Amino acid sequence: MSDWTPEAGTPPVSTPDEPVDGEPAAAAPSFEPAGPAPLGVVRTPTGHAAVDARLERLADADHLPADGHIEVYEDVHRGLKDALTSLDARPAAAPGPPGPTAVPGTSSAYDNTHDHRS
């Protein structure tokens, strides 16, 4: 409380630590960083298991301070890059019966010169 008193006839003035009109004074602003809080971003599944797993990994950043986000983001980026790269890879040959074999001295895999009989 202050020792200051207003002159006679002037309206009273409140100090920051005194209530105004019966309401408590607002708390002083804090300059401390806020703790981690989820952003509430909805992740829609893509139907591609590798991509969906990477997108779910982003939720880990919700519980980390800002300086921990980079590790999660880099991990997700690597995983998404790998998933995209795998789309460019040639698919493995499907197992099945062996194809026709080439006859020596011909240009095709099947020589039908002796099939025309009368």
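It should be noted that the structure appears before, not after, this text.
Here's what I pulled together on the structure shown here. (Residues numbered from 1 in each chain as written. Predicted model: local features only at pLDDT ≥ 70, side-chain atom pairs only at ≥ 80, totals over all residues. Heavy atoms only, no water.)

1. Regarding the overall build of the protein chain
Phase 1 of the analysis: For the protein chain, the count of helices and strands is two helices and zero strands.
Phase 2 of the analysis: Evaluated residue by residue, the protein chain yields a buried proportion of 8% over its 118 residues.
Phase 3 of the analysis: Sequence separation of at least 24 residues holds for 25% of the intrachain contacts in the protein chain that already meet a minimum separation of 6.
Phase 4 of the analysis: Counting only carbon and sulfur atoms, one obtains 60% of the accessible surface of the protein chain, whose full area is about 10,600 Å². (Helix = DSSP H or I, 4+ residues; strand = E, 2+ residues; numbered from the N terminus. Buried < 20%, exposed > 50% of the residue type's maximum accessible area, 1.4 Å probe, protein only. Contact = heavy atoms within 4.5 Å. Areas by Shrake-Rupley, 256 points an atom, 1.4 Å probe, with all protein chains shown as cover.)

2. A look at helix α2 (residues 66–88)
Because an α-helix packs 3.6 residues into every turn, residues spaced three or four apart end up facing the same way.
Phase 1 of the analysis: When the terminal C-alpha atoms of α2 are compared, their 34 Å separation across 23 residues agrees well with the 33 Å that a helix rising 1.5 Å per residue should span.
Phase 2 of the analysis: Looking only at α2, the buried set comprises Gly68, Val72, Asp75, Val76, Gly79 and Ala83.
Phase 3 of the analysis: Where α2 is buried, its residues meet α1 (49–57). (Expected span 1.5 Å × (residues − 1).)

3. Observations concerning the pattern of salt bridges
Phase 1 of the analysis: A complete count under the given rule lists five salt bridges for this structure.
Phase 2 of the analysis: The salt bridge involving aspartate 75 is made with arginine 54; its shortest N-O contact spans 3.1 Å. In this pair, aspartate 75 is assigned in helix α2 and arginine 54 in helix α1, connecting sequence segments 21 residues apart.
Phase 3 of the analysis: Arginine 57 is the salt-bridge partner of aspartate 75, the closest N and O atoms lying 2.6 Å from each other. Residue aspartate 75 is located in helix α2, and its partner arginine 57 is located in helix α1; the two are separated by 18 residues in the primary sequence.
Phase 4 of the analysis: Ionic contacts of the salt-bridge type, sharing partners, join the residues Arg54, Arg57, Asp60, Asp75 and Arg78 into one network. (Salt bridge = Lys/Arg side-chain N within 4 Å of Asp/Glu carboxyl O.)

4. A closer look at the layout of surface pockets
Phase 1 of the analysis: Taken as a whole, the largest pocket encloses approximately 270 Å³ of empty space.
Phase 2 of the analysis: Along the walls of the largest pocket sit 16 residues, with Leu39, Ala61, Asp62, His69 and Tyr73 positioned nearest its centre.
Phase 3 of the analysis: Split by residue class, the lining of the largest pocket holds 11 nonpolar, three polar and two charged. (1 Å grid on protein atoms, 1.4 Å probe; cavity = no way out; pocket = protein on both sides within 12 Å on 5 of 7 lines; lining within 4 Å. Points joined across faces, edges and corners; volume = space filled by probe spheres on them. Nonpolar A, V, L, I, M, F, W, Y, C, P; charged D, E, K, R; others polar.)

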